[in-house]
Amino acid sequence: MVFKLFYLRLKFRFFPSHAQAFWAQGLLNSQGITAKLGQVLAQGKTTELPKASLAPSEAQALFQSNFGKTIEIQGEAQAASMGQVFRFQFMGQTYALKVLHPGLKERLKKETANVLLLGKYFAKVKGFAFDERVFQEFLVEVFDAETDLQREGQYQEEFARVFKDDKRFVVPRVAMEYTNDHLLTQSFVPCTLGRDANVFANFDVFHFFFKAFLGHNLLHGDLNDRNWGVNEKNQVVVYDYGCSQSVPLVKVNAFKKLIIGEDTVKSFEALGVRLKGTFFEGKEEDLRQVLCDPFLMKELPPEWSYSRALDEAFGAQTKVLREVT
């Protein structure tokens, strides 16, 4: 993996588009951190999801051994970087069963070590400081959370309570009695994923973000167009709460101030964005406008995207943002 990622880092930007797609899809066919990198490289491009690592019969056996109940799985699984989802019938209702890829947690430990090795190498080449301890703690914390399905189910139920009376959104309910750290059972809600939907629902997703974050200190953490969809009632269905977290009130208040342009510099600092001594020092208001003004719009154009807006405003300096957050 180390040599594959090293070669990819050097060459990917120079590949023709069909070769870029080949690399991205190859990584997506993996699991764990490798597949996460594939998701980043494939952003905005059509790709296939990775293959499931469990057969339906194996998933049925897992459910039986964990909960002592027999289920009937329908069709093949949909898979992603951390796990796979099966649809099944149980007691006259349709559910979705999320299962971690077998051996995933051990694989993540090895991949974390590889990522740290790459970080040290590029820090030496580029001449910047690399605090291995801090970065390791960050990776461990992120992937420990994303591979704890009991935790994910609890957060998903919190979001369900927040949106239970809001007819614009659907949060699938979790059957906590049939959920543990590596199996999550939730109601099955059919919909067309955001990336494939023919309607522009991004503005509704903004509402979902605002209501949860500003009103209840809850952050979904991964509202990409594979994790939300539109059902037949034109409601936005939001999935995958593995990256969710409760945000300290001081950061929520700083974000509120940032949106309205109050105490911009201090608000960035409170959110952990270190702009002093960078290209953006003295340009905090320009950055705030690009990041926050879209939240105040009544309507967003379908072609709008943050990455394009940042590139148009700051060009090559946009990459500095990754170093200061």
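This structure is a prediction, so every number in the text was calculated from the model and none was measured. (Residues numbered from 1 in each chain as written. Predicted model: local features only at pLDDT ≥ 70, side-chain atom pairs only at ≥ 80, totals over all residues. Heavy atoms only, no water.)

A. Inspection of the sheet that holds strand 2 (residues 83–90) at higher detail. The strand order across the open sheet built from 4 strands is 1-2-3-5, with neighbouring strands paired in antiparallel fashion. Looking at the sheet topology across the chains shown, the edges are occupied by strand 1 (72–79) and strand 5 (183–187). Neighbour to neighbour, the strand axes of the sheet diverge by 25° on average, direction disregarded. Bridge count between strand 3 (residues 93–100) and strand 5: 5 bridges; the pairing is antiparallel. Residue pairing for strand 5: Leu97 is matched across the bridge by Thr185. Most of the contacts of helix 7 (residues 149–162) go to strand 5, to which it runs at about 25°, and overall it touches strand 3 and strand 5. (Pairing = 2+ DSSP bridges. Helix = DSSP H or I, 4+ residues; strand = E, 2+ residues; numbered from the N terminus. Axes fitted to C-alpha atoms, helices over the stretch in contact; angles between N-to-C directions. Contact = heavy atoms within 4.5 Å.)

B. Main features of the confidence of the model for the chain. This prediction gives the chain a mean pLDDT of 81; 79% of its residues lie at or above 70. For the stretch residues 1–16, pLDDT sits under 50, and the model shows 29 contacts to residues farther than four places along the chain or on other chains. (pLDDT = per-residue confidence, 0-100.)

C. Spotlight on the sheet that holds strand 9 (residues 236–238). Across the sheet, which stays open at both edges, the 4 strands sit in the order 4-9-8-6 with mixed pairing between neighbours. Each end of this open sheet is capped by a strand with a single partner; those strands are strand 4 (169–170) and strand 6 (192–193).

D. View of helix 9 (residues 249–260). Taking 1.5 Å as the rise per residue, helix 9 with 12 residues should run 16 Å; its terminal C-alpha atoms sit 17 Å apart, in good agreement. Two residues or fewer past helix 9, Gly261 is found with a positive phi of approximately 80°. (Expected span 1.5 Å × (residues − 1).)

E. Layout of the side chain of Gln156. In this fold, Gln156 is placed in helix 7. The exposure class of Gln156 is buried, given its relative accessible area of 0%. At a separation of 2.7 Å, a polar atom in the side chain of Gln156 contacts the main-chain carbonyl oxygen of Pro172. With residues up to four places along the chain from it excluded, the contact list for Gln156 reads Val171, Pro172, Val174, Gln186 and Tyr241. (Buried < 20%, exposed > 50% of the residue type's maximum accessible area, 1.4 Å probe, protein only. Polar contact = N/O pair within 3.5 Å; in protein donor to acceptor, adjacent residues only side chain to side chain.)

F. Local environment of the pattern of salt bridges. Under the definition given, this model contains 10 salt bridges. Across the pair Glu106 and Lys109 runs a salt bridge whose closest N-O atoms are separated by 3.4 Å. Of this pair, Glu106 and Lys109 both sit in helix 5 (residues 104–126), 3 residues apart, roughly one helical turn. In this structure, Lys257 and Asp263 form a salt bridge, with 3.9 Å as the shortest nitrogen-oxygen distance. For Lys257, a relative accessible area of 34% corresponds to the partly exposed category. In this structure Asp263 comes out as partly exposed when scored by relative accessible area, which is 40%. (Salt bridge = Lys/Arg side-chain N within 4 Å of Asp/Glu carboxyl O.)

G. Structural view of the nonpolar core. Of all hydrophobic cores here, the largest spans 22 residues; its most connected members are Phe255, Phe280, Leu287 and Phe295. The set of elements that each furnish at least two residues to this core consists of helix 8 (202–216), helix 9, helix 11 (284–292), helix 12 (306–314) and helix 13 (320–324). Each residue touching Leu287, except ones within four places of it in the same chain, is listed here: Phe268, Leu275, Phe280, Leu310, Phe314 and Leu321. (Core = buried A, V, L, I, M, F, W, Y, C linked by side-chain atoms within 4.5 Å.)

H. Summary view of the environment of Leu287. You can see Leu287 is positioned in helix 11. On a C-alpha basis, the gap between Leu287 and Thr318 in space is 10.0 Å, while along the polypeptide they are 31 residues apart.

I. Molecular detail of the packing of helix 11 against helix 12. Contact geometry of helix 11 with helix 12 gives a least axis separation of 10 Å together with a crossing angle of 155°. As the angle between them shows, helix 11 and helix 12 are arranged roughly antiparallel. In the crossing of helix 11 with helix 12, the sense of the turn from one axis to the other is right-handed. Taken together, the residues of helix 12 that come into contact with helix 11 (itself represented by Asp286, Leu287, Val290 and Leu291) are Tyr306, Ala309, Leu310, Ala313 and Phe314. A breakdown of the residues in the contact of helix 11 with helix 12 according to their chemical character gives 8 nonpolar, no polar and 1 charged. (Parallel < 35°, antiparallel > 145°, perpendicular 65-115°, else oblique. Left-handed = near helix turned anticlockwise from the far one by under 90°. Nonpolar A, V, L, I, M, F, W, Y, C, P; charged D, E, K, R; others polar.)

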